[in-house]
Each structure stands twice: as C-alpha cells, then as structure tokens.
Amino acid sequence: MSVAQYIDDLLGGAKADLFVDGTWRGASSGRRFVVADPATGEPLTQVADGDARDGSAALTAADRAQESWAEVAPRDRAILLVAAFDLVHENTDGFARLITAEMGKSLTEARGEVAYGAEFLRWFAEEAVRIDGRTGTLPSGRLHMLVNRRPVGPCLLITPWNFPLAMATRKIAPALAAGCTAVVKPAELTPLTTLALAKVFEEVGLPPGVLNVVTTADPATATGHLLADPRLRKLSFTGSTPVGKRLLASAADGVLRCSMELGGSAPFVVFDDADLDAAVEGAIAAKTRNIGEACTAANRFLVQTSIREKFVERFAASMDALVVGPGTDAGTDLGPLIDERSRRRVHGLVADAVADGARLVVGGELPDGPGHFYPPTVLDGVGPDSRVVTEEIFGPVAPVQSFVDEDDAARLANFTPYGLAAYVYTRDLDRTLRFVPRLQFGMVGVNAGVVSDPAAPFGGVKESGLGREGGREGIDEYLEHQYVGIAR
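Keep in mind that what you see is a predicted model, and the values were worked out from it rather than measured.

(A) Quick peek at the packing of aromatic side chains. Summed over the entire model, instances satisfying the criterion amount to 10 aromatic pairs. Here the aromatic rings of Tyr116 and Phe120 are separated by 5.1 Å at their centres, their planes lie at 65°, and the arrangement is edge-to-face. Here Tyr116 pairs with Phe120, and both are found in helix H5 (residues 107–128), just 4 residues apart, close to one helical turn. The pair formed by Tyr116 and Phe120 is uniform in burial state, with each residue classed as buried. Three or more aromatic residues link up through ring pairs in this structure, and these residues are Phe268, Phe301, Phe311, Phe315, Tyr423 and Tyr425. For the cation-ring pair, Arg170 lies above Phe458, with the distance from its terminal atom to the ring centre recorded as 4.0 Å. It is Lys234 that lies over the ring of Tyr478; its NZ or CZ is 4.8 Å from the centre.

Structural data, given as structure tokens:
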C-alpha cells in the first residue's frame, strides 16, 4: 500500500482537512500547504492551512462543549479513551507508516512510537477514574472542608514534529480524562498523524467540540490570538525554549495555566567503574533514538579520564555500524533529519567543533541528496565552550569531553541553562545516591539510556520547562482545586 493510500485509509473522507466541532472542513481561506517526505524531499499531500478564523471557530467549539464534557462521568470518559487506545493499536502499521512518511524515523522506531503513544490513552483512562479530593473538619471546628478537583477548562495544545503521535496523546489524553476540551495545533511539518488520531476519536464517538485540530503553516496567525481570549484557560506547549518563552509572555496577560516542555542538553556521564559495554549500549540508545531529534537525547558525553579512550573507541565503532537510509527500508537504523535547515545546522555545529580543535572520530561528512540524511558522528576532545555542547544538537552527533572526579562531572553536567534529562553510568550504589541529587535535571537515567514512560512524570527544570506530563502528575496539569467551606 502506498503512503497516499495509508493517508486515505486512516483519514477516510477527511482528506487532511481541519477537524472542528466534530466535522471535517477546509480552511476558511481555502489555502493548503504541502507536507513533504524528509527522505526524498517529495510532497506527500496537501493539508488545510488554517488561519485566525479557524482558530477562533475551534475555540468556540471547545468552549461550547466544555460544560457538558466536564459533566460526563469519569468512567465514560475512560471508556472512550480505552476505545481510542484499542483502535490505534488495531491500526499500528498504518500509523507507523504515516509517522515514517512525514517525520522520517525508521518503521521499527515508528512502531515503537505507536505503542508508546497509545499507552498514554490507556494510562490516563485509568487516571480519569482516580481523580479525587478530600474532606474533613477544619482545625478551628467552625467549618467542614470539601476540596474538589475540577477541569481547568478549554486548552490549547501545541505539539512538536519529532513524535507526532506520542506528543499528541501525551497532551490530549490527560486533558480529556480530566474533563477538559481542547484545540490542538500540530507541527506544520508533521500534521498527518494528529489528523489520523482525530479520526480515531471521531470513530469511537467523542462528542463534537471536545477535540478540535487546526493545521496551519502560520501558527502565530492561526492560534496565537487565542492566548488573549478569556475563554481559553490552559496552554500546553512542547518545543524550543525561545518559542516557549514568547508563549509564556503572551499567556501572562490572561494568567493562563501553562505547561512547558522545552529544550534540553542532556549530559551522559560515564564513571570509571561503569560496565563499559552497557554504557556504550546505553549511549547509542540515548543519542540515536529518533535520529537524535529528541529533547531527551544525550547532548554531551562526559567520560572519566581514565576510560575515555576506551569508551570513545567502542562508542565510535558502534555509531559507525549504524545503517542510515530511508525509514521504510528494512535494516535502516537512522532515517533522515526532518528538513534541510536542520541538517545544515547540525553540520555547522560539527564544523565549528572541528575548527575549535575537536577530533572527528567518525562521520561528519555531509552526504549528497536526495533526502536530509546525516551520518552518526563522534567528536572527541570537544572544548567546554564549543557550540556543539552549549546548544541542543537535535541530530546524531556525539561530542565527548572528559572529567576528573565527581565534582568535575557535576560542574560540567550542570553547566547549561537546561535541565530536562541526564544519564549516569556507574556500578557504585553509594556514588549513585551521592551524585544524582547534585544533578539539576528533572529526569535521570541510572544505567539506562531511555527513561521515558507514560507511567512516569516527564519534565524538566530551569529553562527546560514547567510542569509534568505522564505519570500520576500528568493529569494534575489539567485540574484546579476548589475549596468549599460548609458551616457546621
């Protein structure tokens, strides 16, 4: 089956239109924009290009549906989410091929994303029926206290391009479970998967207006004005820190509840007592998951001086063995980067590092087209001020630095405004308990190169964001507390 057939099969008669108030419709302007395959640069299809009128219509629908959706029994909300979970699983192959087509990752990784993304639907279905409050007599004895937890209200959910299914379900599922309605603005590079997910919710019987999807090539025009609309009560954004800061500033006027999952610069710390084979395996996972285009990707490899050469040799050999090619090809480990701009930027970081004195161990050559491919690359002896360690790479490039002791490792690890994820490899439990609390990061993997899980709270500190997604904490982002004092 061709990609066009998968698009048609998953979207049915929707034809990549907007999904507003339970109906599929073209953009008010009549315009459409092209979604391209990053492996070839060729167009996949055209998608409705929504504008401010469409964003307003979506929020109107969400606001109109808010009260009735909040009154739906938690069990019934959970049943709808489980039905969506089942339907996504039934269409695993179609979703995976759609993800690979518009984002580039290998089919193996895309199938992994489908499983991961679907699990948010099931997890928050289970959390929907566990929304609790509390009751009791106040210490003064004057009042009886009730604390209720109520949905925040209509939400604007802005998702990134790198995990088009998982980032959508990680926001939509807790919002719906909590009783909130939503307007979703998917990334313009990868809107098709979100539209296919909206089709799933339509098919399982989600009431009109509860979920609305506005695709656009001009996000600021289409949905930016919603931040000033008093009907909107919540913003959840995953993307770059600079954009997140601008959105926070805009959200301040309306005092919107905000969740921000922003940039990262994850250190991967290897102590000299680590299992070196396990460390290399974990390093590959932490660096190359999603072609390195993940905010949790290891951005800096900090290796204790006594084992640095040995680690670099083994790590470089493993990176060099990875197969780069179209995600649809059997045996592909790494697909293309998302677009040519990203590829040029990654290559510029490598070139700057080499010019600053870093040693290119493997990779580093810009391949010819078609497609936005970049080879797995290892740099050794990278300086502390090199752009490749101070900026988020978002590609399969691994800069290696050395450290002397725990104090040195902590200093280098925390030498960043970001604080999303970190990784530590050591076999010393005392060191783990002593060192990990010194790391200024919201998530730490110990002898593990992948930490993301729907049942765990995902999020960072410092300029990596606000709030948590996933885990029991994830639904709290969509609930307010209401205190009721009853005279005794």
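(B) Structural context of the nonpolar core. Core analysis: the largest hydrophobic core is formed by 119 residues, its most contacted members being Phe201 and Phe311. Looking at which element gives the most residues to this core, the answer is H5, with 11 residues. Other than its neighbours up to four places away in sequence, Phe201 contacts Leu81, Ala84, Leu121, Ile172, Leu176, Leu206 and Leu211.

(C) The arrangement of helix H6 (residues 166–178) in detail. Its 13 residues give H6 an end-to-end C-alpha distance of 18 Å, which sits within 8% of 18 Å, the value for a rise of 1.5 Å per residue. Where burial is concerned, most of H6 is hidden: 13 out of the 13 residues are buried. One or two steps after H6, the chain reaches Gly179, where phi turns positive at roughly 100°.

The rules behind each value
- Residues numbered from 1 in each chain as written.
- Predicted model: local features only at pLDDT ≥ 70, side-chain atom pairs only at ≥ 80, totals over all residues.
- Heavy atoms only, no water.
- Phe/Tyr/Trp six-rings, centres within 6.5 Å; stacked < 30°, edge-to-face > 60°.
- Helix = DSSP H or I, 4+ residues; strand = E, 2+ residues; numbered from the N terminus.
- Buried < 20%, exposed > 50% of the residue type's maximum accessible area, 1.4 Å probe, protein only.
- Lys NZ or Arg CZ within 6 Å of the ring centre and 35° of its normal.
- Core = buried A, V, L, I, M, F, W, Y, C linked by side-chain atoms within 4.5 Å.
- Contact = heavy atoms within 4.5 Å.
- Expected span 1.5 Å × (residues − 1).

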